[in-house]
Amino acid sequence: MAIGSKNLAPVELDKIEDSLLVEELKKAKEELFNLRFQSATGQLESHGRLRQVKRDIARIYTIIRERELGIRAVPAAAAKAAPKAKKAEAAEAPAAASNSEAQKEA
């Protein structure tokens, strides 16, 4: 997926897992830094590219936040992994609680 292109539509972002979105966000931020540096030194050829990358960053942040709030669905592959992690955490919680109670008694 190219940053700053028409391929980076919210429909396309919906198909990407959170970890890959974070990676894309890092790439976009690096590109924005480089573009700003080029602009400051007078080497930037396409000023519209700055606008595209800023919008892409905003899109990625929006998708991530909507997933946190439950507004937007998580991709199927990530959704299957998440319940397993929650079950593991739930199983660890009672064990941790009993350990802390045992330490208090001692």
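Everything below is about the structure printed above this text.
These figures come from a predicted structure and were not determined experimentally.

Draft legend 1. Local environment of the overall build of the chain. Looking only at helices and strands, one finds 4 helices and 0 strands in the chain. Reading the helices (α) and strands (β) of the chain from amino to carboxyl end gives α-α-α-α. Across the 106 residues that make up the chain, the buried fraction comes to 22%. Counting contacts in the chain only where the partners sit at least 6 residues apart, residues at least 24 apart contribute 62% of the total. Carbon and sulfur atoms make up 55% of the accessible area of the chain, which amounts to about 7,700 Å² in all.

Draft legend 2. Spotlight on the side chain of Arg67. Mapped onto the fold, Arg67 is located in helix α3 (residues 48-69). Assessed through its relative accessible area of 8%, Arg67 is described here as buried. Looking at Arg67, its side chain comes within polar contact range of the side chain of Asp18, at 2.7 Å.

Draft legend 3. Looking closely at α3. Between its first and last C-alpha, α3 extends 32 Å over 22 residues, near the 32 Å set by a 1.5 Å rise per residue. Within α3, the full set of buried residues consists of Leu50, Val53, Asp56, Ile57, Ile60, Ile63, Ile64, Glu66 and Arg67. In the core, the buried residues of α3 are packed alongside α1 (10-14) and α2 (18-41). One or two residues past the end of α3 sits Gly70, with phi positive at roughly 85°.

Draft legend 4. Molecular detail of the environment of Ala76. Structurally, Ala76 is set in helix α4 (residues 76-105). Under the relative-accessibility criterion, Ala76 is labelled exposed at 54%. Between the alpha carbons of Ala76 and Glu17 there is a distance of 8.7 Å; along the sequence they are 59 residues apart.

Cut-offs used in this document
Residues numbered from 1 in each chain as written. Predicted model: local features only at pLDDT ≥ 70, side-chain atom pairs only at ≥ 80, totals over all residues. Heavy atoms only, no water. Helix = DSSP H or I, 4+ residues; strand = E, 2+ residues; numbered from the N terminus. Buried < 20%, exposed > 50% of the residue type's maximum accessible area, 1.4 Å probe, protein only. Contact = heavy atoms within 4.5 Å. Areas by Shrake-Rupley, 256 points an atom, 1.4 Å probe, with all protein chains shown as cover. Polar contact = N/O pair within 3.5 Å; in protein donor to acceptor, adjacent residues only side chain to side chain. Expected span 1.5 Å × (residues − 1).

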